[in-house]
Amino acid sequence: QWFLRMKPLAEPAIEAVRQGRVKIIPKVWEQIYFEWMENIRDWCISRQIWWGHRIPVFYCDSCGAVLALRQDLKECKACGGPLRQDEDVLDTWFSSALWPFSTLGWPEQTDLLRKFYPTSLLVTGFDILFFWVARMTMMGLKFMGEVPFREVYIHALVRDEKGKKMSKSRGNVIDPLRMIERYGTDAFRFTLAQLSVQGRDILLSERRIEGGRNFANKVWNAGRLTLSLLEDFSPKGVTSREFLPDAWVLSRLQSIVEAVRDGIEGFRFSEAASDLYQFFWHEFCDWYLEFIKPNLYGRVDRWDREATREVLYETFLTLLKLLHPFMPFITEELYQRLPAKGEESIMVSSFPKRRAEYVDLDKEESMQVLKDVISLIRNIRGELRISPQMAIQVFIRTPTFEHLLSEYAFYIKEFCRLEAITFGDWGTKAASATTRGVEIFVPVERYIDIERELMRIEKEMRRTEELIARLDCLLRNPSFMERAESQVIEEKRLEFLELEEKRSKLLSLKRMLLGE
Ligand SMILES: [Zn+2]
């Protein structure tokens, strides 16, 4: 057997990580790396198998010489007798340790070697941190005089949703190929990114992948809508942002660009993916696309249509590029259909940078007021159970935002199904609610039978209070608390909180109806 003395190789490799020339992320793994390397033992590198690099040691049977050689010699240097090579091969990890440079033509000084050594990042699993990562570092320092990579990202281990390791005997294995077939590659990839919280295992379930699939569908549908709105359009660059949602979406987009960049650069993939998900779905789709439809469909002509299309194009193109690392296929497909996209593939297009000239916090604030007012009116409608088909009237009292809200009154009416908005007081009984100092009144008796609604609320209230009392009793019962499983107790507590929330909602609904 042949052994390799490791201590002289390990010392520079420990030093390299200590000095930060190689960074291991998450940092906890650096500690484990040090522990291994400081207690390193000599390595048995010979194996008695068929495959592998043969040990470069030659024996002369005539004079007994043992030679370690770089060239394959046939004759003994000392006596000229025939040489016989050792039959053992190197441990496969020995050959793998040479991988960062042996694949690039080493020991020749090739162009590839000069260009790609050292590389920037190695992504791998913790189980080969020592077998492979540490040994590549040692060999790289020894033979190239330089570390093989600047950063090592140790990715998470995928477990089932309860945190159990997946195994065939447990039957909890989620087969990636089956999932990809069922939900799509992008959905699966996005879900994994979304669940990749640094330093924690990924708890995967089919339900989560379903969520990824829903998002992939959302992106696709929003893309199709966007493409239809951009028909016969050729981008010239954003000019005016006079329409508030245009200014708002471009400004918000810059925060997302920054967040996604930070997330990816800092290996916080979950944050980057979640920020994108939230923005794409709940700001771009839920609000921006809804706001621009009346204009682009020609139902409003107060604002410049082409200016809005420029903003839509800029925003959507930027979002596609941000999403691309997480959803490569859908984004490429949509990119190919965009007008004047620039590059032949989204893959080689430049990644978005934050553009300070688009940031406008005042406009963001104004848009927030508008969104809040719309949400609140929708909320009142829902709580009072006013039929969605019925157009209603609202009264708005606001010391500061009357100009803003009347400028965008069309949209408030459109999104809340209103027949009229009147600024000022409503004298008699009305349901009211407040957001950001804006008071909203709905003359409810025109739309619902208040007496009947109050009776319903009373009944609901009594039932809720009974349930609360019963749960309260249970949670104070010492024998239940001692015997019940902690999971059951947790569920009961949650139920209790939900009921309390329901009670306070009913209470405020009652006050609203009484005009208090
Ligand atoms: Zn010899």
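Figured I'd write up the structure that's included with this text. (Residues numbered from 1 in each chain as written. Predicted model: local features only at pLDDT ≥ 70, side-chain atom pairs only at ≥ 80, totals over all residues. Heavy atoms only, no water.)

## Section: the overall build of the chain
- For the chain, the count of helices and strands is 19 helices and 16 strands.
- Against the compact-globule benchmark of 24 Å for 516 residues, the chain has a radius of gyration of 33 Å, which places it well outside the compact range.
- Expressed as lengths along the three principal axes of its C-alpha atoms, the size of the chain is roughly 115 × 75 × 40 Å.
- Looking at the 516 residues of the chain, the share that counts as buried comes to 44%.
- Contacts in the chain between residues far apart in sequence, at least 24 positions, make up 73% of those at least 6 positions apart.
- Here the chain has roughly 28600 Å² of accessible surface; of this, 50% comes from carbon and sulfur atoms.
- The positive charge centre, built from 75 side chains, and the negative charge centre, built from 78, are 3 Å apart in the chain. (Helix = DSSP H or I, 4+ residues; strand = E, 2+ residues; numbered from the N terminus. Rg over C-alpha atoms; globule rule 2.2 N^0.38 Å. Buried < 20%, exposed > 50% of the residue type's maximum accessible area, 1.4 Å probe, protein only. Contact = heavy atoms within 4.5 Å. Areas by Shrake-Rupley, 256 points an atom, 1.4 Å probe, with all protein chains shown as cover. Lys, Arg positive; Asp, Glu negative; His and termini not counted. Charge placed at Lys NZ, Arg CZ, Asp CG, Glu CD.)

## A word on the coordination of the zinc ion
- Those protein atoms acting as donors to the zinc ion are C60 (SG), C63 (SG), C76 (SG) and C79 (SG), and they sit at 2.2 to 2.4 Å.
- The coordination sphere of the zinc ion comprises four donor atoms, whose angles at the metal cover 98 to 113°; the geometry is tetrahedral.
- Positions of the donor residues of the zinc ion, expressed as sequence spacing, correspond to C-x2-C-x12-C-x2-C. (Donors = N, O, S within 2.8 Å, 3.2 Å for Na, K, Ca; no water. Tetrahedral: all angles 85-135°; square planar, octahedral: opposite > 155°, others 65-115°.)

## So, the sheet that holds strand β9 (residues 119-124)
- Reading across from one edge, β2-β10-β9 is the order of the three strands in this open sheet, with parallel pairing throughout. In this open sheet, the two edge strands, each paired with only one partner strand, are β2 (23-25) and β9. Between one strand axis and the next, the sheet turns by 15° as a mean value, whatever way the strands run. (Pairing = 2+ DSSP bridges. Axes fitted to C-alpha atoms, helices over the stretch in contact; angles between N-to-C directions.)

## Section: helix α13 (residues 328-337)
- The complete set of buried residues in α13 reads I330, T331, E332, L334 and Y335.
- At its buried positions, α13 is contacted by α8 (185-195), α9 (206-229) and α12 (305-323).

## A closer look at the packing of helix α10 (residues 244-265) against helix α11 (residues 269-296)
- The contact between α10 and α11 brings their axes to 9 Å, and the two run at 170°. It follows from the interaxial angle that α10 and α11 lie roughly antiparallel. Where α10 abuts α11, its residues P245, D246, W248, V249, R252, L253, I256, A259, V260, G263 and I264 lie against F269, A272, D275, L276, F279, E283, F284, W287, Y288, F291 and I292.
- In terms of residue class, the contact of α10 with α11 is made up of 17 nonpolar, one polar and four charged. (Parallel < 35°, antiparallel > 145°, perpendicular 65-115°, else oblique. Nonpolar A, V, L, I, M, F, W, Y, C, P; charged D, E, K, R; others polar.)

## Some points on the layout of surface pockets
- There is about 730 Å³ of room inside the largest pocket.
- Lining the largest pocket are 21 residues, with P56, L69, R70, L90 and F94 positioned closest to its centre.
- Along the lines of polarity and charge, the residues of the lining of the largest pocket split into 15 nonpolar, three polar and three charged. (1 Å grid on protein atoms, 1.4 Å probe; cavity = no way out; pocket = protein on both sides within 12 Å on 5 of 7 lines; lining within 4 Å. Points joined across faces, edges and corners; volume = space filled by probe spheres on them.)

## Looking at the packing of aromatic side chains
- Scanning the entire structure with this criterion turns up 35 aromatic pairs.
- When the centroid spacing of 5.9 Å and the interplanar angle of 90° are considered together, the rings of F215 and F280 count as edge-to-face. Linking F215 in helix α9 with F280 in helix α11, this pair joins segments that are 65 residues apart in sequence. Accessibility classification places F215 together with F280 in one group, the buried group.
- Aromatic pair F267 and F269: ring centres 6.2 Å apart, planes at 85°, arrangement edge-to-face.
- The exposure class of F267 is buried, given its relative accessible area of 7%. (Phe/Tyr/Trp six-rings, centres within 6.5 Å; stacked < 30°, edge-to-face > 60°.)

## Description of the side chain of E453
- Mapped onto the fold, E453 is located in helix α17 (residues 450-476).
- Since its relative accessible area comes to 9%, E453 is described here as buried.
- Looking at E453, its side chain comes within polar contact range of the side chain of R456, at 2.8 Å.
- Setting aside residues up to four positions removed in sequence, E453 forms contacts with E383, L384, R385, I448 and L513. (Polar contact = N/O pair within 3.5 Å; in protein donor to acceptor, adjacent residues only side chain to side chain.)

## Quick notes on the pattern of salt bridges
- Under the defined criterion, the tally for this structure stands at 32 salt bridges.
- Close ionic contact of R354 with E258 constitutes a salt bridge, the shortest N to O distance being 3.3 Å. Linking R354 in the loop between α13 and α14 (361-383) with E258 in helix α10, this pair joins segments that are 96 residues apart in sequence.
- The class of R354 is partly exposed, set by a relative accessible area of 40%. (Salt bridge = Lys/Arg side-chain N within 4 Å of Asp/Glu carboxyl O.)

## Quick word on empty space enclosed by the protein
- According to the stated counting rule, one finds one cavity of 30 Å³ or more in the structure shown.
- The volume enclosed by the largest cavity comes to roughly 40 Å³.
- Taken together, the residues of the lining of the largest cavity break down into three nonpolar, two polar and three charged.

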